[in-house]
Amino acid sequence: LLTESGSTMQSVSGFTGAYTKSGLGLADGDASFFGFEISMISSFIAGSCISALINPTPIPHQVGPTYGPTFLLGSVLLGIASILSS
């Protein structure tokens, strides 16, 4: 993601630093940045919860028939996000 000035704000692959960055934003009193980081963390947790509700008994390292709805929902949400971002 880019800020209005063109600098990188938070990448999806660099998610592990979101907890630390949110704490630093809160300590600095930067409510906007703190809110952004918390929304990233919340989105990750919500996606994990939806996946667990759709497939409550996953088998590690094996794609079973119950993964279909999860991938379908993910692709629909990705399409919606792409439309909303433009």
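Read on for an overview of the structure. Since this is a predicted model, take the numbers as computed values, not measurements. (Residues numbered from 1 in each chain as written. Predicted model: local features only at pLDDT ≥ 70, side-chain atom pairs only at ≥ 80, totals over all residues. Heavy atoms only, no water.)

**Looking at the overall build of the chain**
Point 1. Helix and strand counts for the chain come out as three helices and zero strands.
Point 2. N-terminal to C-terminal, the α/β element order of the chain is α-α-α.
Point 3. Of all 86 residues assigned to the chain, the portion counted as buried reaches 13%.
Point 4. Counting only carbon and sulfur atoms, one obtains 70% of the accessible surface of the chain, whose full area is about 6,400 Å². (Helix = DSSP H or I, 4+ residues; strand = E, 2+ residues; numbered from the N terminus. Buried < 20%, exposed > 50% of the residue type's maximum accessible area, 1.4 Å probe, protein only. Areas by Shrake-Rupley, 256 points an atom, 1.4 Å probe, with all protein chains shown as cover.)

**Let's talk about the packing of helix H1 (residues 18-28) against helix H2 (residues 31-54)**
Point 1. At their nearest, the axes of H1 and H2 sit 8 Å apart, and the two run at 155 degrees to each other. Regarding the angle of H1 to H2, the classification is roughly antiparallel. Read as a crossing pair, H1 and H2 show a hand that is left-handed. Between H1 and H2, the residues in contact are Ala18, Tyr19, Lys21, Ser22, Gly25 and Leu26 and Phe33, Phe34, Glu37, Ile38 and Ile41, respectively.
Point 2. Class assignment of the residues belonging to the contact of H1 with H2 gives a composition of seven nonpolar, two polar and two charged. (Axes fitted to C-alpha atoms, helices over the stretch in contact; angles between N-to-C directions. Parallel < 35°, antiparallel > 145°, perpendicular 65-115°, else oblique. Left-handed = near helix turned anticlockwise from the far one by under 90°. Contact = heavy atoms within 4.5 Å. Nonpolar A, V, L, I, M, F, W, Y, C, P; charged D, E, K, R; others polar.)

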